[in-house]
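Here is how the chains run, residue by residue.
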Amino acid sequence: MKQTMPIDGKFELLTLPYAPDALEPVISANTLGFHHGKHLLTYVNNLNAALPGSGLEGKSLEDIVLQATGGVLNNAGQILNHNLYFTQFMAPKADNAPSGRLAEAINAEFGSFEDFKEIFAKAGATLFGSGWAWLSADAEGNLVITQEPNASNPIRNGLRPLMTMDVWEHAYYLDYQNRRPDHLAALWQIINWDVVAARYEE
Ligand code: MN
């Protein structure tokens, strides 16, 4: 499902683990179609075109993100970011919340799940321009929320990415127009906390 190594020198477009309309009404099939089928596909095609001669052929996506610069970094970063983003969702669920050790870690770090959501949403809403809000774990397993501009990923700062919200306009504009905070607030219904917990326990 999540490709980390190139096959015959090429990265492939992620296969979504749900139907195109599975995230409605939080993310419409229309938005998902453009976001996954057009935007992400373009990053994949651009990276595959840029890899030959870059010195990064045959490396994992993560290693490319850690070592590349310029256009190769931007396209590889966007692939890694979107692969983590698209695989963390599920059909909308009321009262959706984490459980187990991840929930305990969130409470320990941020006070409560409600406090965490407020801090995270603020990070997403106040990120100027295009980028990503992330929940990550540091080397000791502590949770951190960061804002990453453009195509950056927390692994470049030694963090392990767990959950993310894409605040590029292409992620929400067809459904929410300029209302980025409304889009971020709705995303809580479709976060698959089992996936996020599995990343935390890795
Ligand atoms: Mn995006």
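Residues numbered from 1 in each chain as written. Predicted model: local features only at pLDDT ≥ 70, side-chain atom pairs only at ≥ 80, totals over all residues. Heavy atoms only, no water.

Q: Go over the overall build of the chain with me, naming the residues and quoting the values.
A: Looking only at helices and strands, the chain features eight helices and three strands. Reading the chain from its N terminus to its C terminus gives the helix and strand order α-α-α-α-α-β-β-β-α-α-α. Over its C-alpha atoms the chain spans a radius of gyration of 16 Å, differing by no more than 12% from the 17 Å that the globule rule assigns to 202 residues. In terms of overall dimensions, the chain has C-alpha extents of about 50 × 40 × 30 Å along its principal axes. When burial is assessed residue by residue, the chain has 49% of its 202 residues classed as buried. In the chain, 68% of the contacts between residues at least 6 apart in sequence involve partners at least 24 apart. (Helix = DSSP H or I, 4+ residues; strand = E, 2+ residues; numbered from the N terminus. Rg over C-alpha atoms; globule rule 2.2 N^0.38 Å. Buried < 20%, exposed > 50% of the residue type's maximum accessible area, 1.4 Å probe, protein only. Contact = heavy atoms within 4.5 Å.)

Q: A description of the pattern of salt bridges should follow, citing residues and the corresponding values.
A: In total, this model carries three salt bridges according to the counting rule given. The closest approach of N and O atoms between Glu-201 and Arg-101, which form a salt bridge, is 2.8 Å. One end of the pair, Glu-201, is in helix α8 (residues 193–201); the other, Arg-101, is in helix α4 (residues 100–110), and 100 residues separate them in sequence. Classification of Arg-101 by relative accessible area gives exposed; the value is 52%. Between Glu-114 and Lys-117 there is a salt bridge, and its shortest N-O distance comes to 3.4 Å. One end of the pair, Glu-114, and the other, Lys-117, are both in helix α5 (residues 113–126), three residues apart, so they sit about a helical turn from each other. When its relative accessible area of 18% is taken as the criterion, Lys-117 is described as buried. (Salt bridge = Lys/Arg side-chain N within 4 Å of Asp/Glu carboxyl O.)

Q: Tell me what's going on with the environment of Pro-161, and back it up with residues and numbers.
A: Position of Pro-161 among the secondary structure elements: in strand β3 (residues 160–166). Excluding its chain neighbours within four sequence positions, the residues that come into contact with Pro-161 are Leu-84, Trp-134, Leu-135, Ser-136, Asn-153, Pro-154, Ile-155 and Arg-199.

Q: Quick rundown of the coordination of the manganese ion? Include the residues and the values.
A: Protein-derived coordination of the manganese ion comes from His-35 (NE2), His-82 (NE2), Asp-166 (OD) and His-170 (NE2), at a distance range of 2.0 to 2.1 Å. Spacing between the donor residues of the manganese ion along their common chain follows H-x46-H-x83-D-x3-H. Here His-170 lies in the loop between β3 and α6 (173–176) and His-82 lies in helix α3 (residues 70–86), a separation of 88 residues in the sequence. Each member of the pair, His-82 as well as His-170, carries the same accessibility label: buried. (Donors = N, O, S within 2.8 Å, 3.2 Å for Na, K, Ca; no water.)

Q: Can you break down the sheet that holds strand β1 (residues 131–137) residue by residue, with the values?
A: As summarised here, the arrangement of the three strands in space is β2-β1-β3, forming an open sheet in which the pairing is antiparallel. Looking at which strands have only one partner, the edges of the open sheet turn out to be β2 (143–149) and β3. Here the average twist between neighbouring strands, direction ignored, is 25°. When β1 meets β3, the two strands line up antiparallel, connected through six bridges. Its bridge partner being in β3, Trp-134 is matched across the sheet by Thr-164. Across the sheet, α8 lies against β1, β2 and β3, angled at about 150° from β3, the strand it touches most. (Pairing = 2+ DSSP bridges. Axes fitted to C-alpha atoms, helices over the stretch in contact; angles between N-to-C directions.)

Q: If you had to explain the side chain of Ser-28 to someone new, which residues and values would you point to?
A: Topologically, Ser-28 is positioned in the segment before α1 (29–50). A polar contact of 3.0 Å, which involves the side chain of Ser-28, links it to the backbone nitrogen of Thr-31. A polar atom in the side chain of Ser-28 sits 2.7 Å from the side chain of Asp-175. (Polar contact = N/O pair within 3.5 Å; in protein donor to acceptor, adjacent residues only side chain to side chain.)

Q: Can you explain the environment of Ile-7? Please cite residues and give values.
A: Along the chain, the position of Ile-7 falls in the segment before α1. Owing to a relative accessible area of 46%, Ile-7 belongs among the partly exposed residues under this scheme. Ile-7 sits 51 residues away from Gly-58 along the chain, and the two C-alpha atoms are 8.4 Å apart.

Q: Before we move on, could you go through the side chain of Asn-48 and cite the residues and values that matter?
A: Its location among the elements puts Asn-48 in helix α1. Within the structure, Asn-48 has its side chain in polar contact with the backbone nitrogen of Phe-11 (distance 2.8 Å). Residues within four places of Asn-48 in sequence aside, it is in contact with Gly-9, Lys-10 and Phe-11.

Keep in mind these values describe shape, not function.
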